[in-house]
Amino acid sequence: MNPPASPVSPPDSPKPSATEDRRTSLYEEHVKHGGRMVPFAGWTMPIQYSGIVDEHQAVRNACGLFDVSHMGELEMRGPHAGQVVNYLVTNDVSQLAVGQALYTACCNASGTILDDLIVYRAGDERYLTVCNASNRDKMVEVFRKAAEDHCEFEDRSDSTALIALQGPKAFEVLALAGSDAAKLSELKSFHFRDAVVANVACTVARTGYTGEDGVEIFCAWNDAPALWRHLVELGGPLGLKPVGLGARDTLRLEARLSLYGNDIDETTNPLEAGLGWVVKLGKGDFVGREALEKVKAAPLPRKLVGFEVTGRGVARHGYPLRDLEGNEVGVCTSGSPGPTVGKNIGLGYLPANLTTIGTQFLVDCRGRNIEATVVKTPFYKANKGAVSK
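Residues numbered from 1 in each chain as written. Predicted model: local features only at pLDDT ≥ 70, side-chain atom pairs only at ≥ 80, totals over all residues. Heavy atoms only, no water.

Caption draft 1: Summary view of the nonpolar core. I113, Y120, I264, L275, V279 and F379 are the most contacted members of the largest nonpolar core, which has 40 residues in total. Every element with two or more residues in this core is listed here: β6 (101-107), β7 (113-123), β8 (126-131), β10 (160-166), α8 (245-254) and β18 (343-351). Sort the elements by how many residues they give to this core and β6 lands first, with 4 residues. Excluding anything up to four places from it in sequence, V279 contacts T90, P270, L271, F286 and L292. (Core = buried A, V, L, I, M, F, W, Y, C linked by side-chain atoms within 4.5 Å. Buried < 20%, exposed > 50% of the residue type's maximum accessible area, 1.4 Å probe, protein only. Helix = DSSP H or I, 4+ residues; strand = E, 2+ residues; numbered from the N terminus. Contact = heavy atoms within 4.5 Å.)

Spelled out as structure tokens, the structure:
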């Protein structure tokens, strides 16, 4: 496989000011499409265009286009690059073939989560890791320090744009974007390859954050506007719409995908967060392994659960969770109406004895205790609709 197109740095790559909210190369496209721009993780990003519910349903029923260029792209190169990355994360990078990716967590020595990541094996000795925008500076330092005297490290974030095309018609749109793009439906989940999409050199991965099928497309920073315009034009007749951060949040919540800073952070460990499946304690040493072995050896005092608000109210991030006697026992980490499932849903940490499906508890909605019930997650699964009960 050739090196991914995404890390190729154009000569005039932007160097955003550290003191101002940065703009992705798609800023003018967002404004042109009526995007309502808001500050987010140091960037000015679209929160919505036509409306959160409208955009949400476009992704569920047709497809949506997301600008996620604010995410960080960190590259490790060299004979020991794989070992270094594997030491930093909880999942087993050594099992990746070239052209394959995996979801993982990066923990500190205490076993709590510094960030959740996707690692792409781009070559025999090349690994690209995508981190959250809010954690970019932190993760750059973690990766840079780990690479010292072991492998090459490069922060490719400022030269890399990332566009997500998500929804059941995503590959129909790609089929209109050239003969090479039309073959991308052959990609397996969490696999990627170089491709030409609408005459733009890209790296395309079958990954996403919506609960729908689709791809995430890496390209050079300055190529993104042309690619975006082509995809909007090609996909319009199929129902494609630009989608902002608001619907991105409701989509990922219905799919029960964690959001860093809400559901996971440096106060939570992967096991209590329901991410035990990305912790491979048997792979060998990695940062946080000893602490996580101790966590696994003892009963979890709390767990992150999905719930449905059965009373009249909407749970929001930070709202206290109470037992039926009114005692505060946990906290809501994410909550909103679920446009597809037609229910008010949320995620939150509760004591282990209150995490069984069907358990009832209360959400403190600004001083009103509203009834809620622990339910099966994800709340929504593609082709199956609502699955919370």
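Caption draft 2: Region of interest: the sheet that holds strand β15 (residues 302-309). Strand order in the closed barrel formed by 6 strands is β15-β18-β17-β16-β19-β20, with antiparallel pairing between adjacent strands. If you compare each strand with its neighbour and ignore which way they point, the axes differ by 45° on average. For β15 and β18, the ladder comprises 7 bridges, and the chain directions are antiparallel. Residue pairing for β18: E308 is matched across the bridge by I345. The strands touched by α8 within the sheet are β17 (328-338) and β18, with β17 carrying the most contacts at an inclination of about 115°. (Pairing = 2+ DSSP bridges. Axes fitted to C-alpha atoms, helices over the stretch in contact; angles between N-to-C directions.)

Caption draft 3: Highlighting the packing of aromatic side chains. Scanning the model with the defined rule gives 5 aromatic pairs in all. For the ring pair Y103 and W277, a centre distance of 5.8 Å and an interplane angle of 25° mean the geometry is stacked. Taken together, the residues Y103 in strand β6 and W277 in the loop between α8 and α9 (289-297) connect sequence positions 174 residues apart. Taking relative accessible area as the criterion, Y103 reaches 16% and is therefore assigned buried. For W277, a relative accessible area of 53% gives the class exposed. Here the aromatic rings of Y120 and F218 are separated by 5.4 Å at their centres, their planes lie at 85°, and the arrangement is edge-to-face. Here Y120, found in strand β7, pairs with F218, found in strand β13 (residues 214-220); they are 98 residues apart in sequence, far enough to count as distant. (Phe/Tyr/Trp six-rings, centres within 6.5 Å; stacked < 30°, edge-to-face > 60°.)

Caption draft 4: Summary view of the sheet that holds strand β5 (residues 72-77). Read from one edge to the other, the open sheet built from 5 strands follows the order β6-β7-β8-β5-β9, with strand pairing classed as antiparallel. The outermost strands of the open sheet, each flanked by one partner alone, are β6 and β9 (152-155). Strand-to-strand twist of the sheet, defined as the mean angle between neighbouring strand axes without regard to direction, takes the value 25°. Two elements, β6 and β7, share 7 bridges in a ladder whose sense is antiparallel. Bridge pairing in β7 places Y103 opposite I118. On top of the sheet, helix α4 (residues 136-147) reaches β5, β6, β7, β8 and β9; it is set at about 165° to β9, its chief contact.

Caption draft 5: Structural view of the environment of M45. Looking at where M45 falls in the secondary structure, it is placed in strand β3 (residues 43-48). Classification of M45 as buried rests on a relative accessible area of 1%.

Caption draft 6: Quick peek at the pattern of salt bridges. Going through the model one piece at a time under the given rule, you end up with 23 salt bridges. Here D54 and K241 are joined by a salt bridge, their closest N and O atoms 2.5 Å apart. Residue D54 is found in helix α2 (residues 52-61), and its partner K241 is found in strand β14 (residues 241-243); the two are separated by 187 residues along the sequence. Relative accessible area serves as the criterion here: at 32%, D54 is assigned to the partly exposed category. Taken together, the shared-partner salt bridges connect E75, R77, R126, E152, E154 and R156 into one network. (Salt bridge = Lys/Arg side-chain N within 4 Å of Asp/Glu carboxyl O.)

So yeah, pure geometry; function would need other evidence.
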